[in-house]
Amino acid sequence: MSIYQEVSEKLREIKDKSEIALYLAYSSILYESKSLAKGVLKFEEEIDKLRVELQRLLIEEAEKIGAETAMAVMLLVESMERISDFAKDLAFTVLRGEETHPVLELAGEETNEQVLIVKVDEDSVFLGKRIGDLSFDDRIGVRVLAVRHRDVWIYDPNEDVQLEKGDLLLLSGYREGIEILEEAEEEAEDIE
Amino acid sequence: MKQLEEAVQPRGVKDSLKDLINLSSLMLDLAYASIMYDDEEVAKQVLDLEQSVNDLKKAIIIHMSLAVRSLASAEKAISVFKITDVATMVAYEAIEIAKIVLEKMRIHHKIKEGFMKADESVSVIQIMKGSRLEGLTIENALIASGVGFDVIGVKRNNRWVINPSSKFELKSGDILVVRGTTDALACLKTYAGGI
């Protein structure tokens with residue numbers, strides 16, 4: 001793997017994880033969910049680790065990468081890391097069990113969120129499906145950011161993960177896309 | 001104009017908070033897009049949005065302060081202030097990221113290629129005079145262009161409308177912040193162009 005690829009992949013991972021951490025944090029407070037809040041902490045820890053790895057790489061390979069790129073990437077990573085710190089602070093509010101204001105319960109309903117958390121219930125259309133078998137389509141533009149499978153958060157899950165009752169899917173996309181996806185799964189089930 | 005007035009005079013905390021969260025995410029998406037395409041115009045739009053963030057934050061603080069009447073409700077209000085704070089701080093980080101582009105620091109293209117490999121992106125599209133989208137509501141623009149996209153913000157007369165309704169009518173000169181697949185965005189750009 002080239003040094004560029006290596007930097008690129010780490011950067012991408014930090015960006016994705018900081019976004020997941022942020023949306024998990026918003027969701028944890030809106031839905032008063034301690035399990036989502038714990039997910040935030042896990043992502044934040046991983047981002048810290050990745051940041052150190054990436055910064056070490058940038059310094060060690062600065063000559064190859066070029067000072068300008070190294071500098072810009074460094075600033076970018078700092079911002080992403082701070083975003084995950086804000087997410088962590090929000091998650092701690094939930095974990096401490098502080099009461100939320102009634103207005104927040106309402107706010108969650110209508111936010112046109114980029115990330116949606118779907119719980120796999122007994123009657124869920126996703127139950128028993130492999131991640132790779134979900135009817136994702138490029139035009140719909142929905143992807144699985146992470147899954148909480150058997151109480152463990154998996155970032156960028158393998159296609160072979162089979163969804164079980166109680167799993168959580170963290171989907172990214174626009175609301176309409178996610179609705180289309182759910183309808184598609186329902187239709188597929190009717191045919192079966 | 002009705003929608004614009006609504007946007008600057010939010011109906012309450014719930015709406016302002018929703019707008020603030022969406023606005024700060026929009027800024028972050030725009031900031032990453034500006035890095036990706038070395039686009040200083042997009043970066044400037046991010047800086048432009050700071051005033052809207054501050055206005056929304058102020059509206060929330062005023063509303064909440066007026067609503068608090070007891071120690072118990074003050075304690076509950078903390079959660080609203082915390083979300084407000086986080087969304088605002090995220091918006092400021094978006095500005096920091098946009099400044100990387102405005103300060104002419106460039107990231108090697110081989111790093112950028114992999115950085116945003118997802119086929120979904122955010123773009124800024126202007127409705128030109130004589131465009132096929134001029135005069136259409138967002139709903140009808142979706143039908144006319146035949147592709148899926150989300151209009152997450154519109155700039156008209158130097159004011160931003162966040163998350164416009166599907167009945168929002170597009171006018172020439174409007175600047176739209178749109179999220180969609182790269183294919184859909186490319187298609188939309190052709191439709192937004194003038195004759």
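Residues numbered from 1 in each chain as written. Chains lettered and ligands numbered in written order. Predicted model: local features only at pLDDT ≥ 70, side-chain atom pairs only at ≥ 80, totals over all residues.

With 27 residues, helix α2 (residues 34-60) of chain A extends 40 Å between its outermost C-alpha atoms, agreeing within 8% with the 39 Å of an ideal straight helix rising 1.5 Å per residue. Residues of α2 of chain A that are buried: L36, A37, G39, V40, F43, E44, I47, L50, L54 and L58 of chain A. (Helix = DSSP H or I, 4+ residues; strand = E, 2+ residues; numbered from the N terminus. Expected span 1.5 Å × (residues − 1). Buried ≥ 20, exposed ≤ 12 C-beta atoms within 10 Å, placed from the backbone.)

In the case of a regular strand, side chains alternate between the two sheet surfaces. Residue and element names in this part refer to chain B. Pairing of strand β2 (residues 150-156) with strand β3 (residues 159-162) involves four bridges; the strand directions are antiparallel. Bridge assignment links K155 to a residue of β3, and that residue is W160. The antiparallel pairing of β2 with β3 creates a hairpin that spans two residues between the two strands, and N157 there sits at a positive phi of about 50°. (Pairing = 2+ DSSP bridges.)

All names here are of chain B. Confidence in the prediction of chain B, expressed as mean pLDDT, is 84, and 91% of residues score 70 or more. For chain B, per-element mean pLDDT is lowest for helix α1 (residues 2-8), which scores 43, and highest for helix α5 (residues 71-102), which scores 92. On the interface metric, ipTM, the complex scores 0.78, and its pTM is 0.74. (pLDDT = per-residue confidence, 0-100.)

Now for helix α1 (residues 3-30) of chain A. Residue and element names in this part refer to chain A. Between the first and last C-alpha of α1 there are 41 Å, a value that for 28 residues agrees with the 40 Å anticipated at 1.5 Å per step. Summarising burial for α1: 21 of the 28 residues are buried, a large majority. A positive phi of about 45° marks E32, the residue just after α1.

Opposite the 40 residues of chain B that make contact, chain A presents 43 residues. When contributions to the side of chain B that touches chain A are tallied by element, the ones reaching two or more residues are α2 (13-36), α5, α6 (109-115) and β4 (175-181) of chain B. Examining the composition of the side of chain B that touches chain A, we find that 15 residues originate from one element, α5 of chain B, more than from any other. (Contact = placed C-beta atoms within 7 Å.)

In terms of nonpolar packing, the biggest core is built from 107 residues, with A25 and V73 of chain A together with M27, A31 and A94 of chain B touching the most fellow members. With near-sequence residues (within four places) excluded, V73 of chain A lies in contact with V7, L11 and L58 of chain A together with I107 and I111 of chain B. (Core = buried A, V, L, I, M, F, W, Y, C linked by C-beta atoms within 7 Å.)

Residue and element names in this part refer to chain B. It is at 11 Å that the axes of helix α4 (residues 50-67) and α5 come closest, and there the two elements cross at 175°. As judged from the angle between their axes, α4 and α5 are roughly antiparallel. Contact with α4, carried on its side by E50, V53, K57, I60 and M64, involves A77, V80, F81, T84, T88, A91 and I95 of α5 and no other residues of that element. Partitioning the contact of α4 with α5 into residue classes produces eight nonpolar, two polar and two charged. (Axes fitted to C-alpha atoms, helices over the stretch in contact; angles between N-to-C directions. Parallel < 35°, antiparallel > 145°, perpendicular 65-115°, else oblique. Nonpolar A, V, L, I, M, F, W, Y, C, P; charged D, E, K, R; others polar.)

The phi angle at D38 of chain B is positive, at roughly 45°, despite the residue not being glycine. As for its placement among the helices and strands, D38 of chain B is situated in the loop between α2 and α3 (40-48).

Below, the discussion takes up the confidence of the model for chain A. Residue and element names in this part refer to chain A. Across chain A, the average pLDDT comes to 79, with 72% of residues at or above 70. Within chain A, no element has a lower average pLDDT than helix α5 (residues 102-110), which sits at 55, and none a higher one than helix α4 (residues 67-95), at 95. With pLDDT under 50 throughout, residues 106-114 is counted as low confidence; its partners more than four residues away or in other chains account for 18 contacts.

Residue and element names in this part refer to chain B. Domain boundaries in chain B define domain 1 (2-111) and domain 2 (119-192). The distance between the C-alpha centroids of domain 1 and domain 2 comes to 21 Å. Between domain 1 and domain 2, the contact holds 16 residues from the first and 17 residues from the second. A per-element tally of the side of domain 1 that touches domain 2 places α2 first, with seven residues. Class assignment of the residues belonging to the side of domain 1 that touches domain 2 gives a composition of nine nonpolar, four polar and three charged. (Domains from an automatic or database assignment.)

Attention shifts here to the environment of I125 of chain B. Residue and element names in this part refer to chain B. Mapped onto the secondary structure, I125 falls in strand β1 (residues 120-126). Taking the number of C-beta atoms within 10 Å as the measure of exposure, I125 has 20 and is therefore buried. Residues in contact with I125, not counting those within four places in the same chain, are L176, V178, L188, K189 and A192.

Attention now moves to the pairing of β4 of chain B. All names here are of chain B. Within β4, six of the seven residues are buried, which leaves it mostly tucked inside the rest of the structure. As defined by bridge partners, β2 adjoins β4 across five bridges and the pair is classed as antiparallel. Within the sheet, the bridge partner assigned to G153 lies in β4 and is V177.

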